[in-house]
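Examining the three-dimensional arrangement
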Amino acid sequence: MSAKRIIPIIVISLAFFWIAIGKAQMTQQKTSAPLYNTAKQKLKDGKPLVGATVFSPDPNMYCAMANSGYDFMWIEMQHSPLTFEDAARMIWACRGSSAMPFIRVPDATESDIQKATDIGALGIIVPTVDTVEKAQAAVKWAKYPPEGRRSQGNGQYGALYGADYRQTANNNMVVVIMIETPIGVENAEKIASVPGIDVIFAASTDLGNFSGHKQGDKEYEAMVAKIHDATLERGIRLGGPQAWKDRSGFTFFQAPGETTLIQLGAQVNLGRLPAPSSAAKPGVAATEGSESH
């Protein structure tokens, strides 16, 4: 065989060799990266998680909740005036707390998710996911290449999680997508097939808001059942409000916000039984926005 034919074969062989080495190194990085996100570790272990909801920008309030035993903090940026500056200040003020910082972003956009991850969120919660494309966007902007398209820039993430954050971030990030509409329910199986999703959350309030059905109605419960089956069949964790903690298959829960918790805590402090919830019966989640504070 002539040298002209041998050289291209050698070049191609070396190229395949280095590609294989690169893939092996990425796999090794992924499996050996330290898991400092304790909430993700619990997800992997199949244990239940509960996260309290935060609407207030007060770092003291945030820290009090983050060190009270919750697994994660649900920082609410879809239905609150919180800014990313507010959220960054809270996460930094309570760095090292036992509860991991998760942010519900307004939408699955590069801008929202990039800012949330750069300030130190270890969980991204994306609302009203109706389509495969939106679910894919949630993963794409939450993860660095090769799993996603998150760009690398400045942020307080390095001071929070170490100089090797770029190598460990994907392994520690939790992607939660919320199915909240009948359209999302119809697409639940396709959505659950998107790689990189850790939790699918069945949104109790908006399933009723968008469908016109109440919890307990057969139409409502059929929607929950479809989300339940599509999620668990693909090995993804299933989320819902804390009131659904006794429902089969649910392991990821959103607890109430700070005003409700303060009210309950004050009643306990005064030796009184907590006031009845607005939920009609045990196992029925309160409708968000219907409770007075």
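Quick note: structure is the one above.
The text that follows walks through the structure, step by step, so that each part is easy to find. (Residues numbered from 1 in each chain as written. Predicted model: local features only at pLDDT ≥ 70, side-chain atom pairs only at ≥ 80, totals over all residues. Heavy atoms only, no water.)

So, the side chain of Thr 181
By secondary structure assignment, the location of Thr 181 is in the loop between strand E5 (174-179) and helix H9 (182-186). One polar contact links Thr 181 to Asp 130, side chain to side chain, over a distance of 2.4 Å. A polar atom in the side chain of Thr 181 sits 3.0 Å from the backbone nitrogen of Gly 184. When near neighbours in sequence (up to four residues on either side) are disregarded, Thr 181 contacts Asp 130, Leu 207 and Phe 210. (Helix = DSSP H or I, 4+ residues; strand = E, 2+ residues; numbered from the N terminus. Polar contact = N/O pair within 3.5 Å; in protein donor to acceptor, adjacent residues only side chain to side chain. Contact = heavy atoms within 4.5 Å.)

Observations regarding the side chain of Ser 204
Within the secondary structure, Ser 204 is located in helix H11 (residues 204-211). For Ser 204, a relative accessible area of 9% gives the class buried. With near-sequence residues (within four places) excluded, Ser 204 lies in contact with Gln 215, Tyr 220, Pro 241, Trp 244 and Ala 285. (Buried < 20%, exposed > 50% of the residue type's maximum accessible area, 1.4 Å probe, protein only.)

What about the packing of aromatic side chains?
Each aromatic ring pair is characterised by the separation of its centres together with the angle its planes make. According to the stated counting rule, one finds 10 aromatic pairs in the structure shown. Measuring from centroid to centroid gives 6.4 Å for Phe 102 and Phe 252, while their planes differ by 25°, and the two rings are stacked. Taken as a pair, Phe 102 in strand E3 (residues 100-104) and Phe 252 in strand E8 (residues 250-257) lie far apart in primary sequence, 150 residues in all. A single burial state applies to Phe 102 and to Phe 252, both of which are buried. With centroids separated by 6.0 Å and ring planes inclined at 25°, the aromatic side chains of Tyr 161 and Tyr 165 adopt a geometry described as stacked. (Phe/Tyr/Trp six-rings, centres within 6.5 Å; stacked < 30°, edge-to-face > 60°.)

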